[in-house]
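Summary of the model geometry
So you can see what is in the structure, the chains are spelled out below.
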Amino acid sequence: MKIDTELRGQIFEVIKNQIMSNDPPETKLTYDRLIALGYSEFETKQLIGQCVALEMLTVIKEQLPFNEARYVKNLKQLPKEPFD
């Protein structure tokens, strides 16, 4: 599978902005939790990025608003992959 580094960079930027603005606060909490579990910064961003990408896909595909509750639920389940 070809890795789209530009898209990955944009998703990582979303994560950075969420952490810096503490909105939602669960992004920073999840980041800290995964780092404490031994994941590298890159791996942690990849895991959180799965949640971001899943939510973005749902917004685009189903034309629904961002669902923060679902996003936070998926963050809390990491490192288990999000499928909701």
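Look above for the structure.
Residues numbered from 1 in each chain as written. Predicted model: local features only at pLDDT ≥ 70, side-chain atom pairs only at ≥ 80, totals over all residues. Heavy atoms only, no water.

Another point: the side chain of Thr58. Looking at the secondary structure, you find Thr58 in helix H3 (residues 41–62). Thr58 gets classed as buried once you look at its relative accessible area, which sits at 12%. Beyond its immediate stretch of four places on either side in the chain, Thr58 contacts Gln63, Leu64 and Arg70. (Helix = DSSP H or I, 4+ residues; strand = E, 2+ residues; numbered from the N terminus. Buried < 20%, exposed > 50% of the residue type's maximum accessible area, 1.4 Å probe, protein only. Contact = heavy atoms within 4.5 Å.)

Moving on, we come to the packing of aromatic side chains. Here the structure, examined in full by the defined rule, presents 2 aromatic pairs. When the centroid spacing of 5.7 Å and the interplanar angle of 75 degrees are considered together, the rings of Phe12 and Phe42 count as edge-to-face. One end of the pair, Phe12, is in helix H1 (residues 5–21); the other, Phe42, is in helix H3, and 30 residues separate them in sequence. The interplanar angle of 55 degrees and the centroid separation of 5.6 Å between the aromatic rings of Phe66 and Tyr71 together place this pair among those described as tilted. The class of Phe66 is partly exposed, set by a relative accessible area of 42%. On the basis of relative accessibility, which here comes to 1%, the residue Tyr71 falls in the buried class. (Phe/Tyr/Trp six-rings, centres within 6.5 Å; stacked < 30°, edge-to-face > 60°.)

Residues of helix H4 (residues 68–77) that are buried include every one of Arg70, Tyr71, Val72, Asn74 and Leu75, and no others. The N-cap of H4, judged by a side-chain oxygen 3.2 Å from the amide nitrogen of Ala69 a few residues on, is Asn67. (Polar contact = N/O pair within 3.5 Å; in protein donor to acceptor, adjacent residues only side chain to side chain.)

A few words now on unusual backbone geometry. In this model, Asp23 is joined to Pro24 through a cis peptide bond whose omega is -5 degrees. Topologically, Pro24 is positioned in the loop between H1 and helix H2 (25–36). That bond from Leu78 to Pro79 is cis: its omega, 15 degrees, falls within 30 degrees of zero. Positionally, Pro79 belongs in the segment after H4. At Asn22, a residue that is not glycine, the phi angle is positive and equals roughly 55 degrees. The residue Asn22 is located in the loop between H1 and H2 in this model. A positive phi angle, near 50 degrees, is found at Gln63, a position not held by glycine. Along the polypeptide, Gln63 turns up in the loop between H3 and H4.

On to a nonpolar patch on the surface. On the surface, a cluster of nonpolar side chains totalling about 280 Å² of accessible area is made up of Leu7, Met56 and Ile60. Within the secondary structure, Met56 is located in helix H3. (Patch = residues over 30% accessible without salt bridge, like charges linked within 9 Å, V, L, I, M, F, W, Y side chains within 5 Å. Areas by Shrake-Rupley, 256 points an atom, 1.4 Å probe, with all protein chains shown as cover. Salt bridge = Lys/Arg side-chain N within 4 Å of Asp/Glu carboxyl O.)

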